[in-house]
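# Architecture at a glance
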Amino acid sequence: MRKKVKILNVAIDTVSREEALKIAIGYIENQSNKRIYTPNPEIVMIAQTDGNVMRLLNEGDLVVPDGIGLIIVSRIKKLELKERVAGADLADNILKFCGKEKKSIFILGSKPGVAEIACEKIKEIHPDIIIAGYFHGYFKETEDEAIIEKINNVNPDVVLVGLGAPKQEIWIDKYYKRINCKLIMGVGGGIDICAGTSKRAPIAFQNLGLEWFYRLVKEPWRLKRMLVLPKFLIKALRS
Ligand code: UDP
């Protein structure tokens, strides 16, 4: 049995990056319809006022801490989170595994045209990966059924959903049972990163736990969203 810790009532797996990857590979090899969520403090705060988001996060099959704020709270409160497991790194390693084992992926999300470029770049890096299909993330709810059919027609091993949080988690929660895949995972802006239209912070920032700061400088419009971080820290440390 895996151990979970609760931060503001969101249960998060106490796994290292390596353990998270092993679990994900196990899903791809032996399971079906498994959900991976990568919550950060922002979505944990959304869950405080949105019962649906709280419920679905707690029902995730693997829920890893993507966000240094969660690790800070875990350290101060002596919880047992091992380290930050960035969704982008986990997704990268899943793609590496898919390339090695000739598994197939479907990419859903980001602006029209970007998922296609992401697929081309992924194929360049992992020539043996099977790109089963892709679709942009700006579709209407009335298109959901057609998208499910599109995915099921190609029966991919892995579906990466990048619609931003919590939209992607809500979409996954609503449909994962009907999607023929082994693993479905929310990747936020990960498709943009694969396509090269947005960049992750340099490794030094990541190692210092300052990826959020780099992002804020590059994308100042995030400030309003990020103001929730101090609120999260105060609320989580008081709880
Ligand atoms: N996005 C999308 N459909 C939407 C809204 C957003 O496909 O209706 C995409 C957007 O183009 C971007 C990603 O979702 O690729 C959100 O990226 P962000 O880095 O903001 O993710 P978050 O920080 O919310 O995880």
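So, a few notes on the structure that sits alongside this text. Being a predicted model, the structure only gives us computed values, none of them experimental.

### Remarks on the sheet that holds strand 6 (residues 130-135)
What the six strands build is an open sheet, ordered 4-3-8-7-5-6; its pairing is parallel. Edge positions in the sheet fall to strand 4 (62-63) and strand 6, since each of these pairs with one other strand and no more. Note: strand 7 (residues 158-162) against strand 8 (residues 183-186), four bridges, orientation parallel. Note on strand 8: the bridge partner recorded for valine 161 is glycine 186.

### Digging into the packing of helix 7 (residues 144-154) against helix 8 (residues 167-175)
Running from N to C, helix 7 and helix 8 point in directions that differ by 70 degrees, and their axes come no closer than 12 Å. For the element pair helix 7 / helix 8, the angle class is roughly perpendicular. Taken together, the residues of helix 8 that come into contact with helix 7 (itself represented by Asp144, Glu145, Ile147, Ile148 and Ile151) are Trp171, Lys174 and Tyr175. For the contact of helix 7 with helix 8, the class distribution of residues is five nonpolar, no polar and three charged.

### Focus on helix 7
Of the positions making up helix 7, those classed as buried are Asp144, Ile147, Ile148 and Ile151. What you see down the axis of helix 7 is that its buried residues fit within an arc of 100 degrees, all on one side. Exposed residues on helix 7 whose side chains face more than 90 degrees from its buried face are Ala146, Glu149 and Asn153. The secondary structure elements touched by the buried residues of helix 7 are strand 5 (104-109), strand 6, strand 7 and helix 8.

### Looking at the site of the ligand
As a structural note, the neighbourhood of the ligand is formed by 16 residues, with Ser110, Gly137, Lys167, Asp192 and Arg215 the closest of them. Between the ligand and lysine 167, the relevant distance is 2.5 Å, taken from an oxygen atom to a side-chain nitrogen or oxygen of the residue. One of the side-chain nitrogen or oxygen atoms of aspartate 192 is found 2.5 Å away from an oxygen atom of the ligand. Protein chains bury 83% of the 550 Å² of accessible surface belonging to the ligand in isolation. A breakdown of the residues in the shell around the ligand according to their chemical character gives three nonpolar, seven polar and six charged.

### Digging into the nonpolar core
By size, the foremost hydrophobic cluster in this structure holds 39 residues, and its most contacted members are Trp171, Ile179 and Phe232. One finds Ala24, Leu95, Cys98 and Ile105 within the second-largest nonpolar core, a separate group that totals 33 residues.

### Structural notes on the packing of aromatic side chains
One pass over the structure, following the stated rule, counts five aromatic pairs. Considering the side-chain rings of phenylalanine 135 and phenylalanine 139, the 6.4 Å spacing of their centres and the 50 degrees angle between planes classify their relative orientation as tilted. The exposure class of phenylalanine 139 is buried, given its relative accessible area of 13%. Put simply, the rings of Phe135, Phe139, Trp171 and Tyr175 pair up and form one aromatic cluster.

### Here we look at the environment of leucine 108
Topologically, leucine 108 is positioned in strand 5. With 80 residues separating them in the primary sequence, leucine 108 and glycine 188 have C-alpha atoms 11 Å apart. Not counting chain neighbours up to four residues away, the residues in contact with leucine 108 comprise Phe135, His136, Phe139, Ile147, Leu160, Val161, Gly162, Leu163, Trp171 and Ile191.

### Digging into the environment of glycine 189
By secondary structure assignment, the location of glycine 189 is in the loop between strand 8 and helix 9 (190-195). A relative accessible area of 26% places glycine 189 in the partly exposed class. Through-space distance from the C-alpha of glycine 189 to that of glycine 162 is 5.9 Å; in sequence the pair is 27 residues apart.

About the cut-offs
Residues numbered from 1 in each chain as written. Predicted model: local features only at pLDDT ≥ 70, side-chain atom pairs only at ≥ 80, totals over all residues. Heavy atoms only, no water. Pairing = 2+ DSSP bridges. Helix = DSSP H or I, 4+ residues; strand = E, 2+ residues; numbered from the N terminus. Axes fitted to C-alpha atoms, helices over the stretch in contact; angles between N-to-C directions. Parallel < 35°, antiparallel > 145°, perpendicular 65-115°, else oblique. Contact = heavy atoms within 4.5 Å. Nonpolar A, V, L, I, M, F, W, Y, C, P; charged D, E, K, R; others polar. Buried < 20%, exposed > 50% of the residue type's maximum accessible area, 1.4 Å probe, protein only. Arc of directions from axis to C-beta. Near = heavy atom within 4 Å. Polar contact = N/O pair within 3.5 Å; in protein donor to acceptor, adjacent residues only side chain to side chain. Areas by Shrake-Rupley, 256 points an atom, 1.4 Å probe, with all protein chains shown as cover. Core = buried A, V, L, I, M, F, W, Y, C linked by side-chain atoms within 4.5 Å. Phe/Tyr/Trp six-rings, centres within 6.5 Å; stacked < 30°, edge-to-face > 60°.

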